[in-house]
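# Architecture and fold: a report
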Amino acid sequence: MSTTAPAAGARKPRVQIMLSVVRTERLSPHLVRIVLGGAGFDEFESNDKTDKYVKMLFTDIDGHQVTRTYTVREVNSADKTISIDFVVHGDEGLAGPWAAAAKPGDVASVSGPGGGYAPDPTADWHLLAGDESALPAIASALDALPATARGVAFIETYADADVLDLRAPAGVEVRWLLRGDRAAGETTLLADAVAQYSWLPGRVHVFAHGERGAMKQLRDVFKHRGVTRTQLSLSGYWAFGRTEDRFQAEKREPVGVIEPVSD
Ligand SMILES: Cc1cc2nc3c(=O)[nH]c(=O)nc-3n(C[C@H](O)[C@H](O)[C@H](O)COP(=O)(O)OP(=O)(O)OC[C@H]3O[C@@H](n4cnc5c(N)ncnc54)[C@H](O)[C@@H]3O)c2cc1C
């Protein structure tokens, strides 16, 4: 079953696809995988981006419909399911708490997918960086890299228990950065690690997504390293202390803009 509703500022109507929770899996203390399926799966048109994402519809406490954005970690055509890995970040918000409590049969309304990045096969090496909100997209990129690929992935998360056993080509190192007691979105771990890394020779292709402030720090590191716009996929996935509604609205305000690097 699908319904159409006009999307603000969009030319095409946004098609809402109705799915339901098939099963859930705790990947770590702060990450839960929700597998969604049902008749609506046939309306889901996947794309070849490793960061493909959907907009999920929720109702806020005032009864307004709002969206939350989530990466599609896996599309399983045989099972007719999609998997989404949600950060469980406490009681605040709509999507995180929904995922933490989700059970088989719960309904989910999604639209999309969109997406903008897949590893460039002509790049000499790959640099991936993000916090756990970008972990699904980073894991999908690692899955898509050829066995001969070279590079590094920096992933910031809470603690040892949140470290996942990711598949990666032998030449791509996965480095976990643990924030411990510090709040998500309040560290300089990613920018420090990327700045201190001995960059590999040749042309890099970069994917960096996560908390907005951390992405601004990283943008400065990439600028300093001479990474150009065409080599870079960089944006905030969320912002410390902001709901997604506020965060998305601020993209039109100075605080929300992550200045581009040079061409
Ligand atoms: C393209 C794209 C893909 C994304 N993919 C994923 C994904 O696969 N998995 C995923 O978990 N997130 C993903 N995100 C981020 C997700 O959309 C936001 O984290 C969103 O704000 C969560 O909604 P919420 O209702 O749980 O919290 P909100 O109501 O938006 O916010 C409530 C409070 O929680 C805080 N908060 C929000 N997210 C986090 C977090 N990750 N850690 C700590 N505090 C947080 C906010 O700062 C705010 O104070 C993606 C975002 C984008 C733009």
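Residues numbered from 1 in each chain as written. Predicted model: local features only at pLDDT ≥ 70, side-chain atom pairs only at ≥ 80, totals over all residues. Heavy atoms only, no water.

As named in an unreviewed UniProt entry, the chain is FAD-binding protein, taken from Agreia bicolorata.

## Some words on the pattern of salt bridges
Opposite charge on two side chains permits them to pair, given that their charged atoms come into close proximity. So the rule is basically this: Each reported salt bridge corresponds to a side-chain nitrogen of Lys or Arg within 4 Å of a carboxyl oxygen of Asp or Glu. Secondary structure is summarised from DSSP: a helix means a run of H or I of at least four residues, a strand means a run of E of at least two, and numbering begins at the N terminus for each. Between buried and exposed lies partly exposed: a residue is buried under 20% and exposed over 50% of the maximum accessible area for its type, with that area taken using a 1.4 Å probe on protein chains only.
Applying the stated rule across the entire model yields 15 salt bridges. We note a salt bridge from aspartate 245 to arginine 68, for which the minimum N-O separation is 3.2 Å. Of this pair, aspartate 245 sits in helix H5 (residues 244–249) while arginine 68 sits in strand S5 (residues 65–71), and the two are 177 residues apart along the sequence. Taking relative accessible area as the criterion, aspartate 245 reaches 34% and is therefore assigned partly exposed. Judged by relative accessible area, which is 8%, arginine 68 ranks as buried. With its nearest N and O atoms 3.2 Å apart, the salt bridge here joins glutamate 250 to arginine 246. A residue is classified by how much of its surface remains accessible, and glutamate 250, at 4% relative accessible area, is buried. Here the salt bridges share partners, and the residues they tie into one network are Arg212, Arg242, Arg246, Glu250 and Glu253.

## Considerations on the packing of helix H3 (residues 189–196) against helix H4 (residues 212–224)
This is how it is decided: Angles run from 0 to 180 degrees between N-to-C directions of axes, and those axes are lines fitted to C-alpha atoms, restricted for helices to the stretch in contact. When describing relative orientation, an angle under 35 degrees is termed roughly parallel and one over 145 degrees roughly antiparallel, while 65 to 115 degrees is termed roughly perpendicular and anything else oblique. Left-handed describes a crossing whose near helix is turned anticlockwise from the far helix through less than a right angle; right-handed describes the clockwise counterpart. Two residues form a contact once any of their heavy atoms are found within 4.5 Å. Here the nonpolar group is Ala, Val, Leu, Ile, Met, Phe, Trp, Tyr, Cys and Pro; Asp, Glu, Lys and Arg are the charged ones; every other residue, Gly included, is treated as polar.
Across the interface, H3 lies against H4 with an axial gap of 8 Å and an inter-helix angle of 15°. With respect to their mutual orientation, H3 and H4 come out roughly parallel. Like other packed secondary-structure pairs, H3 and H4 cross with a definite hand, here right-handed. Contact residues: H3 offers Leu190, Ala191, Val194 and Ala195, while H4 offers Met215, Gln217, Leu218, Val221 and Phe222. For the contact of H3 with H4, the residue count by class is eight nonpolar, one polar and no charged.

## Brief notes about the UniProt feature "domain: FAD-binding FR-type" (unreviewed entry) in the chain
For clarity, the cut-off: UniProt positions are given in the numbering used here, feature names are shortened, and annotations may be inferred rather than shown by experiment.
Look at the UniProt record and you will see "domain: FAD-binding FR-type" (unreviewed entry) annotated at residues 14–120. Within residues 14–120, the helical portion is 7% and the strand portion 50%, while the C-alpha atoms at the span's ends are 29 Å from each other.

## Remarks on the environment of glycine 112
Its location among the elements puts glycine 112 in strand S8 (residues 107–114). On the basis of relative accessibility, which here comes to 40%, the residue glycine 112 falls in the partly exposed class. Remark: the alpha-carbon pair of glycine 112 and serine 46, spanning 66 residues in sequence, is separated by 8.4 Å. Ignoring any residue separated from it by four or fewer positions in sequence, one finds glycine 112 in contact with Ile17 and Phe44.

## So, the site of the ligand
Stated formally: We call a residue near a molecule or strand when any one of its heavy atoms sits within 4 Å of it. Whenever two N or O atoms come within 3.5 Å, that pair is a polar contact, provided that in protein one can donate a hydrogen and the other can accept it, and provided that, for residues adjacent in sequence, both atoms are side-chain atoms. Under the convention used here, a 1.4 Å probe and the Shrake-Rupley method define accessible areas, while residue burial counts only the protein chains that appear. The method works on a 1 Å grid over the protein atoms by themselves. A cavity is a set of points holding a 1.4 Å probe that cannot get out, a pocket is an open set with protein on both sides within 12 Å along at least five of seven lines, and residues with an atom within 4 Å of a point line them. Each molecule is checked against the cavity or pocket grid, and it sits inside if more than half of its atoms lie within 2 Å of the grid points.
Lining the immediate surroundings of the ligand are 25 residues, of which Arg68, Thr69, His89, Leu94 and Glu244 lie closest. Between the ligand and alanine 95, the relevant distance is 2.8 Å, taken from an oxygen atom to a main-chain nitrogen or oxygen of the residue. Glycine 96 is positioned with one of its backbone polar atoms (N or O) 2.8 Å from an oxygen atom of the ligand. Relative to its free-state accessible area of 910 Å², the ligand is covered by the protein chains to the extent of 93%. In this structure, the ligand is accommodated by the largest pocket. Taken together, the elements giving at least two residues each to the shell around the ligand come down to S5, strand S7 (81–87), helix H1 (95–101) and strand S13 (232–238). Looking at the shell around the ligand element by element, the count peaks at four residues for S5.

## Looking at the nonpolar core
For clarity, the threshold we go by: Grouping buried Ala, Val, Leu, Ile, Met, Phe, Trp, Tyr and Cys residues that are joined through side-chain atoms within 4.5 Å yields what is termed a nonpolar core.
Of all hydrophobic cores here, the largest spans 27 residues; its most connected members are Leu127, Phe154, Val194, Trp199, Leu218 and Phe222. When contributions to this core are tallied by element, the ones reaching two or more residues are strand S9 (125–131), strand S10 (151–157), H3, strand S12 (204–211), H4 and S13. When sequence neighbours within four positions are dropped, the list of residues in contact with leucine 218 reads Ala129, Leu190, Ala191, Val194 and Ala208. Formed by 24 residues, the second largest nonpolar core is a distinct cluster that contains Val66, Tyr70, Phe86 and Val88.

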